[in-house]
Amino acid sequence: GDHRDLHRLIRRQRQMCIRDSLYSDFPSVVNPEIGLEWKMGDTEWSLSLSRSNSIPTFYNRYYESTTLKGNPDLKMEKGTNLCLGISPVPEVSISLFANHIEDRITAVKDNTGISRYENLDSVTRLGIELDGKYSPAEFIQIKGSYAYLVAKDDHTHKYLTYSPKHKARCDINCELLRDLNLDIIFKYEDDKFTKLDNTEKISGYLRTDLKVSYQINQKANCYLSVENVFDIEYDVLHGYPGWPRTYKLGISCDF
C-alpha cells in the first residue's frame, strides 16, 4: 500500500535529445541534452543537463561606432549548463542554474573608453530566477520576475562586464473598463562593471513605463504608451544613454 501511494505521489518523465549544428565559418558541434521531470504532491520538479554553443553575431564581429569596435576573429562560445526547476504552485516557478562557458564573448572597455568584443577563456555563471503572478481582484493581474546572477572570469575571479547581479520586473495590468486596459511596468537593473578589472561601473536604474490600450474589435487595438515616465537618466551599454521619456501612439491590427 505504501509503495502504491508513493508511486501516485511521484510521477517521473525522462527526455533526452541531441542537436547537431553545422556552420560555414565555424566548426560543427553536437549538443546533447538530458532532462528529468517529476511531481511530488503539488510541487513540480525538473532537472536538466546540456551542452550548448553560440556563434558571434554580425554585430559582435563587424559593427563599429565611436565607443564600440567589432572583432572579426571571435571564436564560438561553448557551454555546459545545469538547471534545477521548482514549481510549488502553478503561479510560481524557481530556477537555479549553473553555466560553465568557454570562449565567452564579452565586451571589454579599454583606457580610451572604447569597448571591443573579446573571448574569455573560461567563465562561470551561477544564479537563481523567480517568476510569479498574482490576481488580488478580477480586474487586476500582477506578474513579477527577479534574477540574481554571479558571473565571473575563472582566472581573475573578477565579475563580467555588463552583467548586473540583480534584475527585476513587475507588470501590473488593470482592466479599467470593458476593453480598456492600463499597464504599469517597473524595470530594475543593478550596477554593471564596464572594465574587466572591476575598477569602473555604471549605476543601476529603476524605470517606469505606462501603457493604455483599447480593444476596438477582435482584430484592432489602439494604444498610448509612455516609456521612462519619470525621465530618469541612465546608461545601458557601451556609453549609450537609455531612452528619455518617450511617447508612442499607435494602432495594431491582425489580418
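See the structure printed just above.
Quantities reported herein were computed from a predicted structural model and do not represent experimental measurements.

Peer 1: For this particular structure, what's the right way to read the layout of surface pockets?
Peer 2: A water-sized probe, rolled over the atoms, reveals where empty space remains. The volume enclosed by the largest pocket comes to roughly 540 Å³. In terms of lining residues, the largest pocket is bounded by 30 residues, among which Arg 125, Leu 149, Pro 164, Lys 167 and Glu 189 are the most central. At the level of secondary structure, the elements contributing two or more residues to the lining of the largest pocket comprise strand 6 (92-109), strand 7 (115-137), strand 8 (140-153), strand 9 (166-177) and strand 10 (180-189). Broken down by class, the residue content of the lining of the largest pocket amounts to 16 nonpolar, five polar and nine charged.

Peer 1: Is there a simple way to think about the side chain of Thr 208 in this case?
Peer 2: With respect to the element layout, Thr 208 can be found in strand 13 (residues 205-215). Not counting chain neighbours up to four residues away, the residues in contact with Thr 208 comprise Ile 184, Ile 185, Phe 186, Val 226, Glu 227, Asn 228, Val 229 and Phe 230.

Peer 1: Would you take a moment to explain the nonpolar core for this structure?
Peer 2: Across soluble globular proteins, you tend to see nonpolar side chains buried next to one another. With seven residues, the main nonpolar core is built from Leu 68, Leu 74, Ile 105, Ala 107, Tyr 117, Tyr 162 and Ile 202. Ranked by size, the runner-up nonpolar core spans six residues in total, among them Val 123, Leu 149, Ala 151 and Leu 160.

Peer 1: I tried to follow the environment of Pro 136 on my own but got confused; where do I start?
Peer 2: Tracing the backbone through its elements, the reader meets Pro 136 in strand 7. By relative accessible area, which is 44% here, Pro 136 ends up partly exposed. Separated by 18 residues in sequence, Pro 136 and Glu 118 have C-alpha atoms that sit 47 Å apart.

Peer 1: So what exactly am I meant to see when it comes to the state of the cysteines here?
Peer 2: The final tally for this structure, using the stated rule, is zero disulfides. The thiol sulfur of Cys 253 is not disulfide-bonded, and the nearest other cysteine sulfur, from Cys 222, lies at 9.7 Å. Under the relative-accessibility criterion, Cys 253 is labelled partly exposed at 40%.

Peer 1: Explanation requested: the pattern of salt bridges in the structure shown.
Peer 2: Close approach of charged atoms allows side chains of opposite charge to pair. In this structure the tally under the stated criterion is 12 salt bridges. The closest approach of N and O atoms between Lys 248 and Glu 227, which form a salt bridge, is 3.2 Å. Of this pair, Lys 248 sits in strand 17 (residues 246-253) while Glu 227 sits in strand 14 (residues 220-227), and the two are 21 residues apart along the sequence. Among the residues examined, Lys 248 registers a relative accessible area of 39% and is labelled partly exposed. By sharing partners, the salt bridges in this structure join Lys 75, Lys 78 and Asp 103 into a single network.

Peer 1: Where do I start with the packing of aromatic side chains in this structure?
Peer 2: For any pair of aromatic rings, the description consists of the separation of the ring centres together with the inter-plane angle of the planes. One pass over the structure, following the stated rule, counts six aromatic pairs. Judged by centre distance (5.0 Å) and plane angle (50 degrees), the ring pair of Phe 58 and Tyr 62 falls under tilted. Highlighted residues: Phe 58 and Tyr 62, both in helix 2 (residues 58-62), separated by four residues, approximately one helical turn. What makes Phe 58 exposed here is its relative accessible area of 63%. Considering the side-chain rings of Tyr 59 and Tyr 63, the 4.7 Å spacing of their centres and the 15 degrees angle between planes classify their relative orientation as stacked. On the basis of relative accessible area, Tyr 59 is assigned to the partly exposed category, the value being 34%. Each residue in the set Tyr 59, Tyr 63 and Tyr 117 is aromatic and connected to the rest through ring pairs, giving one cluster. In this structure, Lys 152 is placed above the aromatic ring of Tyr 159, and the distance from its NZ or CZ to the ring centre is 4.8 Å. The ring of Tyr 223 is capped by Lys 211, whose NZ or CZ atom sits 4.9 Å from the centre of that ring.

Peer 1: Before we go on, may I ask you to explain a nonpolar patch on the surface in this structure?
Peer 2: Together, Met 16, Ile 18, Val 30, Ile 34, Leu 47, Leu 49 and Leu 82 make up a nonpolar patch on the protein surface, roughly 670 Å² of accessible area in all. Among the secondary structure elements, those contributing two or more residues to the nonpolar patch are strand 1 (10-21), strand 2 (29-40) and strand 3 (43-54). With respect to the helices and strands, Leu 49 occurs in strand 3. Exposure remark for Leu 49: the relative accessible area of 44% places this residue in the partly exposed category.

Peer 1: I'm lost on the environment of Gln 141 in this one. Help?
Peer 2: Position of Gln 141 among the secondary structure elements: in strand 8. Using a relative accessible area of 31% as the deciding quantity, one classes Gln 141 as partly exposed. Sequence spacing of Gln 141 and Ile 172 is 31 residues, and the spatial spacing of their C-alpha atoms is 5.9 Å. Aside from chain neighbours lying at most four places away, what touches Gln 141 is Tyr 134, Ser 135, Asp 171, Ile 172 and Asn 173.

So, how was this worked out
Residues numbered from 1 in each chain as written. Predicted model: local features only at pLDDT ≥ 70, side-chain atom pairs only at ≥ 80, totals over all residues. Heavy atoms only, no water. 1 Å grid on protein atoms, 1.4 Å probe; cavity = no way out; pocket = protein on both sides within 12 Å on 5 of 7 lines; lining within 4 Å. Points joined across faces, edges and corners; volume = space filled by probe spheres on them. Helix = DSSP H or I, 4+ residues; strand = E, 2+ residues; numbered from the N terminus. Nonpolar A, V, L, I, M, F, W, Y, C, P; charged D, E, K, R; others polar. Contact = heavy atoms within 4.5 Å. Core = buried A, V, L, I, M, F, W, Y, C linked by side-chain atoms within 4.5 Å. Buried < 20%, exposed > 50% of the residue type's maximum accessible area, 1.4 Å probe, protein only. Disulfide = S-S within 2.5 Å. Salt bridge = Lys/Arg side-chain N within 4 Å of Asp/Glu carboxyl O. Phe/Tyr/Trp six-rings, centres within 6.5 Å; stacked < 30°, edge-to-face > 60°. Lys NZ or Arg CZ within 6 Å of the ring centre and 35° of its normal. Patch = residues over 30% accessible without salt bridge, like charges linked within 9 Å, V, L, I, M, F, W, Y side chains within 5 Å. Areas by Shrake-Rupley, 256 points an atom, 1.4 Å probe, with all protein chains shown as cover.

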